[in-house]
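A structural walkthrough
Next come the chains, spelled out residue by residue.
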Amino acid sequence: RRKTRKKPMPSSSSTSHFVLPFPILIADVGGTNARFSILIDANAEPKAFTTIRTRDFPTLDTAIQSHVLDQTSLMPRSAVLAVAGPTDGDTIDLTNNDWVVHPRRMIEELGFDDVVVLNDYEAQALAVVALDEGNLQQIGGGERDPGANRVVIGPGTGLGVAGLVHAALTWIPVAGEGGHVDLGPQTDRDAEIFAHLERIEGRVSGEQVLCGSGMVNLYRAVARANGNEPRFSDPSEVSQAAEQKADPDAVETLDLFAEYLGRVAGDLALVFMARGGVYLTGGITLKILPFFNAERFRTAFENKAPHGELVGAIPTYAVLHDRAPMEGLAAYARTPSRFGVSLENRHWTR
């Protein structure tokens, strides 16, 4: 019998032989802010640039040219971008931002040899491997299995979610739109409040409550359920009033925010069997952490009968590093082989 050799299957997730040429521009492009650094080589600390507001620049390319390239003699050969939106195709629209990413145009006009585009929460997931214990604050009990799956969830401009799966001796980030899972009432008080929540085509998703605009949505619902006219229209006003205990509706809003975040985080812990921990990140987490209702969060997180004991053993952390995604991007840029990041339709080269 004649033997036939099997052809190797193309791999879209392995980066074991993939190396990016230095210097490397790394960028975290969110709905509100954008951060940039240049990594000179694998051993250097990134050279950071000041954070900018995306609304101050008409396009991403303009921001890179004027804010980065015109301000340094370093000329990056590669770019690794984390963007807030789906990352599949030559034209990438950001979910909460008017910017559009055109990787091929960046190669032609900005002089890059390689451009890699990741989802912003993939970068957040990569960061929880790169960060040391000093950048984490544990919330409640549980003990981390260092080689087990992890979950990142971050209320900010939207509600970002990503998983980090440990398999085949590598870390594989799993991006998605997990912030749009359903969120429903459990208690009688929930039912009173949910009756006043603004919905999207009849739905209340996690992001409808657990982000900046979601906090305002929740506050308005709480106020109306209490028979009050809402006083605030900005999340910073709501959180400040809650911190100062200056408004009972705002105080209840932040307590419920912690509880609902715990519910969603616990669901995601079950989905990913995240014995490596669940990590809270995002701009809102850092702002409300000093007065965050950790007990209410953790109680809701563990309230997952019949699996309360299982979830109770999973630790939860707040990420304290204010540029955590940049740490994740830098770790990936230095050694892509450490991470099983899919490059299909997300890597462009000259």
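Let me begin by describing the structure that accompanies this report. All chains use their own residue numbering, which begins from 1 and follows the written sequence. With pLDDT at 70 or above as the cut-off, local features in this predicted model cover only qualifying residues; side-chain atom pairs require 80 or more to be listed or tallied, and sums for whole chains, interfaces and linings still use all residues. Side-chain numbers here rest on the full set of heavy atoms in the structure, without hydrogens or water.

1. Re the side chain of Thr87
Going by this rule: Strands are runs of DSSP state E lasting at least 2 residues, helices are runs of H or I lasting at least 4, and numbering of each runs from the N terminus. Polar contact is the term for a pair of N or O atoms within 3.5 Å; when the atoms are in protein, one must be able to donate a hydrogen and the other to accept it, and sequence-neighboring residues count only if both atoms are side-chain atoms. Any two residues whose heavy atoms approach within 4.5 Å at even a single point are treated as in contact.
Within the secondary structure, Thr87 is located in the loop between strand S5 (78-83) and strand S6 (92-93). A distance of 3.0 Å separates the side chain of Thr87 from the side chain of Arg346, its partner in a polar contact. Setting aside residues no more than four positions away along its own chain, Thr87 makes contact with Ile92, Val117, Leu118, Asn119, Asn345 and Arg346.

2. Quick look at the pairing of S5
Here is the rule: Partly exposed describes any residue whose relative accessible area lies between the buried limit of under 20% and the exposed limit of over 50%, with all areas from a 1.4 Å probe on protein chains only and scaled to the type maximum. Strand pairing is assigned whenever DSSP identifies at least 2 bridges connecting the two strands.
S5 sits mainly inside the fold: six of its six residues count as buried. The alternating pattern of S5 places Ser78, Val80 and Ala82 on one face and Ala79, Leu81 and Val83 on the opposite face, and all of these are buried. Here six bridges tie strand S1 (residues 24-29) to S5, and the two strands are oriented parallel to one another. Residue pairing for S5: Ile24 is matched across the bridge by Ser78. With six bridges connecting them, S5 and strand S8 (residues 114-119) associate as parallel partners. Directly across from Val80, in S8, lies its bridge partner Val116.

3. Let's talk about empty space enclosed by the protein
Formally: In the cavity and pocket records, a cavity denotes points on a 1 Å grid over the protein atoms alone where a 1.4 Å probe fits but cannot get out, a pocket denotes an open set with protein on both sides within 12 Å along at least 5 of 7 lines, and lining residues are residues with an atom within 4 Å of a point. Grid points are joined across faces, edges and corners, and a volume is the space filled by probe spheres set on the points. Each residue is assigned to one class: nonpolar for Ala, Val, Leu, Ile, Met, Phe, Trp, Tyr, Cys and Pro, charged for Asp, Glu, Lys and Arg, and polar for all the others, Gly among them.
Counted under the stated rule, the structure contains one cavity of 30 Å³ or more. In this structure, the largest cavity spans a volume of roughly 40 Å³. Around the largest cavity sit Ile139, Pro155, Leu261, Leu280, Thr285, Ile288, Leu289 and Phe292, which together line it. Residues that form the lining of the largest cavity fall into these classes: seven nonpolar, one polar and no charged.

4. Focus: the side chain of Asp114
The criterion, for reference: Under the convention used here, Asp and Glu are negative, Lys and Arg are positive, and both His and the chain ends fall outside the count. Salt-bridge detection follows one rule: a side-chain nitrogen of Lys or Arg within 4 Å of a carboxyl oxygen of Asp or Glu.
Tracing the sequence through the fold places Asp114 in strand S8. Here Asp114 occupies a buried position and makes no salt bridge, while the nearest side chain of opposite charge, Arg77, is found at 6.4 Å. Polar side-chain contacts of Asp114 include one of 2.8 Å to the side chain of His347. Apart from the residues within four sequence positions on either side, Asp114 is in contact with Leu20, Pro21, Arg77, Ser78, Ala79, His347, Trp348 and Thr349.

5. What about the pattern of salt bridges?
Applying the stated criterion to the full structure yields 16 salt bridges. Put simply, Arg144 and Glu133 hold a salt bridge, and the shortest N to O gap is 2.1 Å. Taken as a pair, Arg144 in the loop between strand S9 (136-139) and strand S10 (150-155) and Glu133 in the loop between helix H3 (120-130) and S9 lie far apart in primary sequence, 11 residues in all. The partner of Asp190 in a salt bridge is Arg263, and the shortest N-O contact between them spans 2.6 Å. Remark: Arg263 occurs in helix H7 (residues 248-272) and Asp190 occurs in helix H4 (residues 188-194); sequence separation between them is 73 residues. Arg263 matches Asp190 in its accessibility class, with the two residues each being buried. One network of salt bridges, with partners in common, ties together Asp190, Glu259, Arg263 and Arg296.

6. Remarks on the layout of surface pockets
One way to see where empty space is left: roll a probe the size of a water molecule over the atoms. The space that makes up the largest pocket amounts to roughly 1200 Å³. In terms of lining residues, the largest pocket is bounded by 46 residues, among which Thr32, Gly156, Thr157, Gly282 and Gly283 are the most central. Secondary-structure elements contributing two or more residues to the lining of the largest pocket are strand S2 (33-39), H3, strand S11 (159-167), helix H5 (212-225), helix H6 (235-243), helix H8 (283-288) and helix H11 (324-334). Per element, the largest residue contribution to the lining of the largest pocket is five residues, and it comes from H8. Class assignment of the residues belonging to the lining of the largest pocket gives a composition of 11 nonpolar, 25 polar and 10 charged. Looking at the second largest pocket, its volume works out to about 150 Å³. Looking at the second largest pocket, it is lined by 13 residues, and the ones nearest its centre are Glu207, Gln208, Cys211, Ser213 and Gly214. For the lining of the second largest pocket, a count of residues per class yields two nonpolar, eight polar and three charged.

7. Some thoughts on the sheet that holds strand S12 (residues 170-175)
In sheet architecture, strand pairing relies on hydrogen bonds along the backbone and comes in two forms, parallel and antiparallel. Heads up, the condition is: All axes are obtained by fitting lines to C-alpha atoms, using only the stretch in contact for helices, and the reported angles, taken between N-to-C directions, cover 0 to 180 degrees.
Ordered in space as S9-S14-S13-S10-S11-S12, the six strands form an open sheet in which the pairing is mixed. On the outer flanks of this sheet lie S9 and S12, each paired with one strand and no other. Neighbouring strand axes in the sheet, compared pairwise and without regard to direction, differ in orientation by 25° on average. Pairing of S11 with S12, which is carried by six bridges, proceeds in the antiparallel orientation. When the sheet's bridge partners are listed, Leu164 is paired in S12 with Pro173. Contacts from H3 reach S10, S11, S12 and strand S13 (278-280), with the element oriented near 50° to S11.

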